[in-house]
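Below are the chains, spelled out letter by letter.
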Amino acid sequence: MNILGINAYHGNASAAIVCDGMLIAAVEEERFNRVKYAAGFPAQAIRYCLKEAGLTLSDIDHVAVPRNPYARLGTKLFYALRMPSFAQARVKVLAKFTGIPEALAAAFDADPKKINAKFHRIEHHKAHLASAFFVSSFERAALLSADGLGDFASTMWGFGMGNRMEIDGAIPFPHSLGLYYTAVTQYLGFLKFGDEYKVMGLAAYGQPEQLDAFRDIVRFESRSNGNGFRLGLDYFSHHRTGPEMSWAESDKTPVLGKVFSDEMVKRLGPVRAPEETLEDRHRNLACSLQGRLEEVYLGMLKKLAKRSGLKAVCLAGGVAFNCVANGKIFDSTPFEQVYVHPAAGDAGLAVGAAYYVWHQKLGKPRSFVMDHAYWGPGYSREEILQAIGSSGLAQDGYCIPEMKEILNRRIKHRESFRPFAPSILAENTAEYFEKSHPSPFMTLAYGVRPEKRDKIPAPTHADGTGRLQTVTREANPSYHALISAFRDLTGVPVVLNTSFNDNEPIVCRPEEAIDCFLRTQMDALVLGDFLILRP
Ligand SMILES: [Fe+2]
């Protein structure tokens, strides 16, 4: 049985394909259309997934879409009556979603009548929860999804048992930990969609001087089955202006409107313009923002642990990308095991919706664990050779490079306060870090042991933590062998890991890898089995 998951008309558009319970492929549209966080319809991602599975559109039995425009209709209606422009936007969204079968047929130039699949609309946060639990190794786990907003909710939690999930509570619009973080991120002058991680990095340089103000901006409150929080809405504007994400049809870049209000400026002081120098005041605000997020997020997890009596937790939603908060789960809550979906943001919804259909709707047993994140395109030796040939590099031969300050050059392309991350041989984790629970997807930050900080200064952040990737031989034999060779040479089982891109989506095709290599003046590029040195 073949299930296609499609996250469409939303940031991080993506597709995934699950055949008889096994994940075969999953990829974001941005890797193909080269627009970061691309929204719209993920036609190229779907095409790739079908090709990888050796299927055509007519072989698909179920299509799972992680959005249900009919969820939380009461709340939507309430806000639609207060905001006519918002009501109009909802109508447009509804039209797009009900048109997904037609969009799919059009993208493949197929007759809609030839698509045999049954279409399922899965509520946004249920798809997030499914993306984490159903592909984890846990038989039973507590579940939490937290993000900006999806299907008019920002947070949902519940329990997973075998092939079933049970929802225990949810927090509807406008209260949202994701929008709380977005509001302050915008206020601090980081205006691009997805910039929250930069502010999380900045927080390590500050002091939580303004924690009391942030305790007023987001407040603990029992909302649903004894758990939850509430925003101090005076500090926000999204509940007055409408929450919908929009994107330019021309370039598919998602855009969120202004989320903070004048009241926030009155309370926290003048807004920082993007070009303005970062001062201690900004660093302290970032630190206070992060501190309050941790109090609320970890507080909710603590209650969830108590209510469930479980030792394992699965996390998804954009807030679950907060590796600093995630790293504190072990010391701050009774949970002993954590699984965060590698695409915890909305890209992972395609996988989650597909598995929701397979288990929750069709009742199939669990048989798959997602223990690596390598589900996107790879390229053959021939394709790589062709790309090297047409770049002109081959004709020049592979010369001995001069050593250059490659990383320094690269650092200049991004904010200097942003940390790099360490990849460590999984078996050496406890020697270098204060925790040793696996972190294969870089979704957890642990303290670096003080005596090891001078051994790995580059990927140790200002607060002494590292957002580590634990690498096992089983998940990635080549990378494991590379780090082992580095350890044999230096005694250090750690290399620095940074995404292969330069202010663009991560490179996908060999041509893009070569282009980035030449643009950024790296010294060497390993592409498949080829080593390319700068001519
Ligand atoms: Fe989401």
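Each remark here, short or long, concerns the structure printed above.
The shown structure was predicted, so the numbers you read here are calculated from the model rather than taken from an experiment.

Rules behind the numbers
Residues numbered from 1 in each chain as written. Predicted model: local features only at pLDDT ≥ 70, side-chain atom pairs only at ≥ 80, totals over all residues. Heavy atoms only, no water. Pairing = 2+ DSSP bridges. Helix = DSSP H or I, 4+ residues; strand = E, 2+ residues; numbered from the N terminus. Axes fitted to C-alpha atoms, helices over the stretch in contact; angles between N-to-C directions. Contact = heavy atoms within 4.5 Å. Core = buried A, V, L, I, M, F, W, Y, C linked by side-chain atoms within 4.5 Å. Buried < 20%, exposed > 50% of the residue type's maximum accessible area, 1.4 Å probe, protein only. Phe/Tyr/Trp six-rings, centres within 6.5 Å; stacked < 30°, edge-to-face > 60°. Lys NZ or Arg CZ within 6 Å of the ring centre and 35° of its normal. Donors = N, O, S within 2.8 Å, 3.2 Å for Na, K, Ca; no water. Tetrahedral: all angles 85-135°; square planar, octahedral: opposite > 155°, others 65-115°. Parallel < 35°, antiparallel > 145°, perpendicular 65-115°, else oblique. Left-handed = near helix turned anticlockwise from the far one by under 90°. Nonpolar A, V, L, I, M, F, W, Y, C, P; charged D, E, K, R; others polar.

Asks: Would you mind going over the sheet that holds strand β2 (residues 14-19) with me for this structure?
Replies: Neighbouring strands of a sheet are bound in pairs by backbone hydrogen bonds; such pairs are parallel or else antiparallel. If you walk across this open sheet you meet the 5 strands as β3-β2-β1-β4-β5, and the pairing is mixed. Looking at the sheet topology across the chains shown, the edges are occupied by β3 (22-28) and β5 (118-121). Each strand axis lies, on average, 15° off the axis of its neighbour in the sheet, ignoring direction. Examined bridge by bridge, β2 and β3 share 6 bridges and lie antiparallel to one another. Counted as the bridge partner of Ser-14 is Glu-28 from β3. Sheet contacts for helix α2 (residues 43-53): β1 (2-7), β2 and β3; angle to β3, the most-contacted strand, approximately 150°.

Asks: Any chance you could explain the nonpolar core here in plain terms?
Replies: Judged by nonpolar contacts, the single largest core of 69 residues is most densely connected at Tyr-180, Phe-236, Met-264, Tyr-297, Leu-301 and Leu-315. Among the elements that line this core, the one with the most residues is helix α12 (residues 280-308), at 11 residues. If we ignore the near neighbours within four places in the chain, the residues touching Tyr-180 are Phe-214, Ile-217, Val-218, Leu-231, Phe-236, Ser-288, Leu-289, Arg-292 and Leu-293. Listed in part, the 37 residues of the second largest apolar core include Leu-129, Val-135, Phe-138 and Met-165.

Asks: I tried to follow the packing of aromatic side chains on my own but got confused; where do I start?
Replies: Think of a pair of aromatic rings as described by two things: how far the centres are apart, and how the planes are tilted against each other in angle. Tallying each qualifying case throughout the model produces 12 aromatic pairs. Pairing Tyr-180 with Phe-214 gives two aromatic rings, centres 6.3 Å apart and planes at 75°, and the pair type is edge-to-face. Here Tyr-180 is found in helix α7 (residues 177-187), whereas its partner Phe-214 is found in helix α9 (residues 211-217), with 34 residues between them in sequence. For the pair shown, Tyr-180 and Phe-214 are each scored as buried. Ring plane angle 90° and centroid distance 5.9 Å describe the contact between Tyr-187 and Phe-260, whose orientation is recorded as edge-to-face. Placement of Tyr-187 in helix α7 and of Phe-260 in the loop between β12 (254-255) and α11 (262-268) is noted, with a sequence separation of 73 residues between them. Under the relative-accessibility criterion, Phe-260 is labelled buried at 7%. Each member of the aromatic cluster is reached from another via a ring pair, and the members are Tyr-355, Phe-368 and Trp-375. In this arrangement the basic side chain of Lys-258 is found over the ring face of Phe-260, its NZ or CZ atom lying 4.9 Å from the centre. One Lys or Arg, Arg-272, reaches over the ring of Phe-190 and ends 5.2 Å from the middle of that ring.

Asks: So what exactly am I meant to see when it comes to the coordination of the iron ion here?
Replies: Geometrically, a metal with four donors at the corners of a regular tetrahedron has ideal angles of 109.5 degrees, and one with six donors at the corners of a regular octahedron has ideal angles of 90 or 180 degrees. All of the protein donors around the iron ion are His-124 (NE2), His-128 (NE2), Asp-147 (OD) and Asp-346 (OD); their distances to the metal are 2.1 to 2.2 Å. Considering all 4 donor atoms around the iron ion, angles at the metal cover 87 to 166° and the coordination shape is irregular. Read N to C, the donor residues that coordinate the iron ion are spaced as H-x3-H-x18-D-x198-D. With Asp-147 in strand β6 (residues 140-150) and Asp-346 in the loop between β14 (337-340) and α15 (349-361), this residue pair connects regions lying 199 residues apart in the sequence. Look at Asp-147 and you get buried, because its relative accessible area is 5%.

Asks: Just checking my understanding: could you explain helix α5 (residues 100-107) for this structure?
Replies: One turn of an α-helix holds 3.6 residues; hence residues three or four places apart share an orientation. Along α5, the residues that are buried comprise Ile-100, Ala-103, Leu-104 and Ala-105. Positive phi appears at Asp-109, one or two residues downstream of α5, with a value of about 55°.

Asks: Any chance you could explain the environment of Glu-275 here in plain terms?
Replies: Within the secondary structure layout, Glu-275 lies in the loop between α11 and α12. Between the C-alpha atom of Glu-275 and that of Pro-69, which follows or precedes it by 206 residues, the distance is 39 Å.

Asks: Sorry if this is basic, but what is going on with unusual backbone geometry here?
Replies: Among all residues except glycine, the phi angle is most often negative; among peptide bonds, the trans geometry is most common. Note the cis peptide between Phe-173 and Pro-174, where omega equals 5°. For Pro-174, the position within the fold is in the loop between β8 (164-172) and α7. One non-glycine residue, Asp-109, adopts positive backbone phi at about 55°. For Asp-109, the location among the structural elements is in the loop between α5 and β5. You can call Asp-109 exposed: its relative accessible area is 75%.

Asks: Help me understand the packing of helix α16 (residues 381-391) against helix α21 (residues 510-520) in this model?
Replies: Think of two packed helices as two axes; the pair is described by the angle between the axes and how far apart they sit. In contact at an axis separation of 9 Å, α16 and α21 are set at 40° when each is read in the N-to-C sense. In terms of orientation, α16 lies oblique with respect to α21. For the element pair α16 and α21, the recorded crossing hand is right-handed. Taking contact as the criterion, the partners of Glu-383, Ile-384, Ala-387, Ile-388 and Ser-391 in α16 are, on α21, Pro-510, Glu-511 and Ile-514. Grouping the constituent residues of the contact of α16 with α21 by class yields 5 nonpolar, 1 polar and 2 charged.

Asks: Could you clarify how one ought to interpret the sheet that holds strand β7 (residues 153-161) in this entry?
Replies: Taken in spatial order, the 5 strands of this open sheet run β8-β7-β6-β13-β14, and their pairing is mixed. Sheet topology places β8 and β14 at the edges, where each strand pairs with a single neighbour. Direction aside, neighbouring strands of the sheet carry axes that sit 20° apart on average. Here 4 bridges tie strand β13 (residues 312-316) to β14, and the two strands are oriented parallel to one another. Along β14, the bridge assignment pairs Ala-312 with Gln-337.

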